[in-house]
Amino acid sequence: MHLVGERQEWDPFPPTQHVNDAADRSDAYRAIAVSALGLGITGIIELAIALLSGSVGLLSDALHNLSDLSTSLVVFVGLRISKRPATDTHPYGWDRAEDIAGLGVALVIWMSAVFAGYVSLQKLIHHGTTSYLGYGIAAAVVGILGNQIVARYKLRVGRQIQSATLIADAQHSWLDALSSAGAMIGLIGVAVGLPWADAVAGLVVTGLICHVGYEVTRDLVRHLMDGVEPGILTTSATAATGVLGVENVHVRARWMGRTLLPRPTL
């Protein structure tokens, strides 16, 4: 049985329920492939302009976009492993491979934060320069649009198939859009006469990366530690007590990847 957890506040799509695992996996693979292609192109454009202009804000954002190529591969591998059937040694199947893959996504996010913070501090300390501002701003706009489109697409698919890992990857792409916006603001600041604005923008981007990295890690660890949203248990208990002859019930449940396994105790 697949159940839906609580909505993210920034989620623009209502949660839905799907029970066709083959169709769900096909949707997930398509979302991963499309997002990897889109963000790969976006990241290469930003990287080229960042190297030309010397913008650390844009460089941090470009590397963050390109890191999605590796995280997409991690998510794909997790989905492939999770489809293995249950065995005598793994009676619950391999569904948690998706959540473990999600931790790989979280690791890439944290590594991006460390690198972005380092290069931004170095530029701030050594008073680095930034040039070709018009090209840099245009590249940042491309990053904003590309990441918003990809994030919304992956988020929609992730909510439809109840995949915490794909939702985490969507959050990663959503963060990239904010990173691109931060890089753009920094370049605009340099253009109006604030040479330190690009380095500060890089530090702001680092803070955004850390924030989403914390949220992604928290949600995935909650899944792996059998954390369940209270509303789901309350709803299940209410439904069970509505059955004729049932006077009291205690419901326990655990997430196995995209599947919530309930265990009522009468």
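Refer to the structure printed above.
Residues numbered from 1 in each chain as written. Predicted model: local features only at pLDDT ≥ 70, side-chain atom pairs only at ≥ 80, totals over all residues. Heavy atoms only, no water.

Undergrad: Just to check I follow, could you spell out helix α4 (residues 133-161) for this structure?
TA: What sets the pattern is the α-helix's 3.6 residues per turn: residues three or four places apart point alike. End to end, α4 covers 42 Å across 29 residues, agreeing with the expected 42 Å (1.5 Å per residue, within 8%). In the stretch just after α4, Gln 162 is the one whose phi turns positive, near 60°. (Helix = DSSP H or I, 4+ residues; strand = E, 2+ residues; numbered from the N terminus. Expected span 1.5 Å × (residues − 1).)

Undergrad: What should I look at first to understand the packing of helix α3 (residues 97-126) against helix α6 (residues 197-224) in this one?
TA: Pairs of packed helices are described in terms of their axes, by the angle between the two and the distance that separates them. Orientation of α3 relative to α6, taken along the N-to-C sense of each, is 160°, at an axis distance of 8 Å. Between α3 and α6, the crossing angle belongs to the class labelled roughly antiparallel. Seen from above, α3 lies across α6 with left-handed handedness. Each residue belonging to the contact of α3 with α6 can be placed in one class, and the counts come to 19 nonpolar, nine polar and three charged. (Axes fitted to C-alpha atoms, helices over the stretch in contact; angles between N-to-C directions. Parallel < 35°, antiparallel > 145°, perpendicular 65-115°, else oblique. Left-handed = near helix turned anticlockwise from the far one by under 90°. Nonpolar A, V, L, I, M, F, W, Y, C, P; charged D, E, K, R; others polar.)

Undergrad: Would you mind showing me how to read the nonpolar core here?
TA: Where a protein is soluble and globular, its nonpolar side chains tend to be buried together. Formed by 21 residues in total, the largest nonpolar core has its most connected members in Val 75, Leu 79, Ile 109, Leu 166, Ile 209 and Val 216. When residues of this core are traced back to their parent elements, those giving at least two are α1 (21-53), α2 (56-82), α3, α4, α5 (164-191) and α6. Leaving out residues up to four positions away in the same chain, Ile 109 has contacts with His 172, Leu 175, Ile 209, Gly 213 and Val 216. Counting nine residues, the second largest nonpolar core, distinct from the first, contains Leu 58, Ala 140, Ala 183 and Met 184. (Core = buried A, V, L, I, M, F, W, Y, C linked by side-chain atoms within 4.5 Å. Buried < 20%, exposed > 50% of the residue type's maximum accessible area, 1.4 Å probe, protein only. Contact = heavy atoms within 4.5 Å.)

Undergrad: Help me understand α3 in this model?
TA: Between its first and last C-alpha, α3 extends 44 Å over 30 residues, near the 44 Å set by a 1.5 Å rise per residue. Just beyond α3, the residue with positive phi is His 127, at close to 55°.

Undergrad: Looking at this structure, I do not really get the pattern of salt bridges. What am I missing?
TA: Here the idea is simple: oppositely charged side chains can pair when their charged atoms come close. If you walk through the whole model with that rule in mind, you get one salt bridge. Residue Lys 123 pairs with Asp 198 through a salt bridge whose shortest N-O separation is 2.7 Å. Taken as a pair, Lys 123 in helix α3 and Asp 198 in helix α6 lie far apart in primary sequence, 75 residues in all. Residues Lys 123 and Asp 198 agree in their burial class; the two are buried. (Salt bridge = Lys/Arg side-chain N within 4 Å of Asp/Glu carboxyl O.)

Undergrad: Whenever I open this one, the packing of aromatic side chains confuses me. Can you help?
TA: In this description, an aromatic ring pair is defined by two values, namely the gap between the centres and the angle between the planes. Applying the stated criterion to the full structure yields one aromatic pair. An angle of 45° between the planes, with centres 6.3 Å apart, marks the rings of Tyr 132 and Tyr 135 as tilted. Classification of Tyr 132 by relative accessible area gives partly exposed; the value is 45%. Note on Tyr 135: relative accessible area 53%, which makes it exposed. Across from the ring centre of Trp 94, 4.9 Å away, lies the NZ or CZ of Arg 84, which sits over that ring. (Phe/Tyr/Trp six-rings, centres within 6.5 Å; stacked < 30°, edge-to-face > 60°. Lys NZ or Arg CZ within 6 Å of the ring centre and 35° of its normal.)

Undergrad: Even after reading the chapter, I still don't get the side chain of Asn 147, so can you show me in this structure?
TA: By the secondary structure assignment, Asn 147 is in helix α4. By relative accessible area, which is 0% here, Asn 147 ends up buried. A polar contact of 2.7 Å, which involves the side chain of Asn 147, links it to the backbone oxygen of Gly 143. Residues contacting Asn 147, with those up to four places away along its chain left out, are Leu 39, Asn 65, Ser 173, Asp 176, Ala 177 and Ser 180. (Polar contact = N/O pair within 3.5 Å; in protein donor to acceptor, adjacent residues only side chain to side chain.)

Undergrad: Could you clarify how one ought to interpret the environment of Asp 176 in this entry?
TA: Considering the arrangement of structural elements, one finds Asp 176 in helix α5. As for Asp 176 and His 64, which are separated by 112 residues in sequence, their C-alpha atoms are 6.7 Å apart.

Undergrad: Would you mind going over the environment of Thr 87 with me for this structure?
TA: Within the fold, Thr 87 resides in the loop between α2 and α3. A polar contact of 3.2 Å, which involves the side chain of Thr 87, links it to the side chain of Thr 89.

Purely geometric stuff here, so don't read any function into it on its own.
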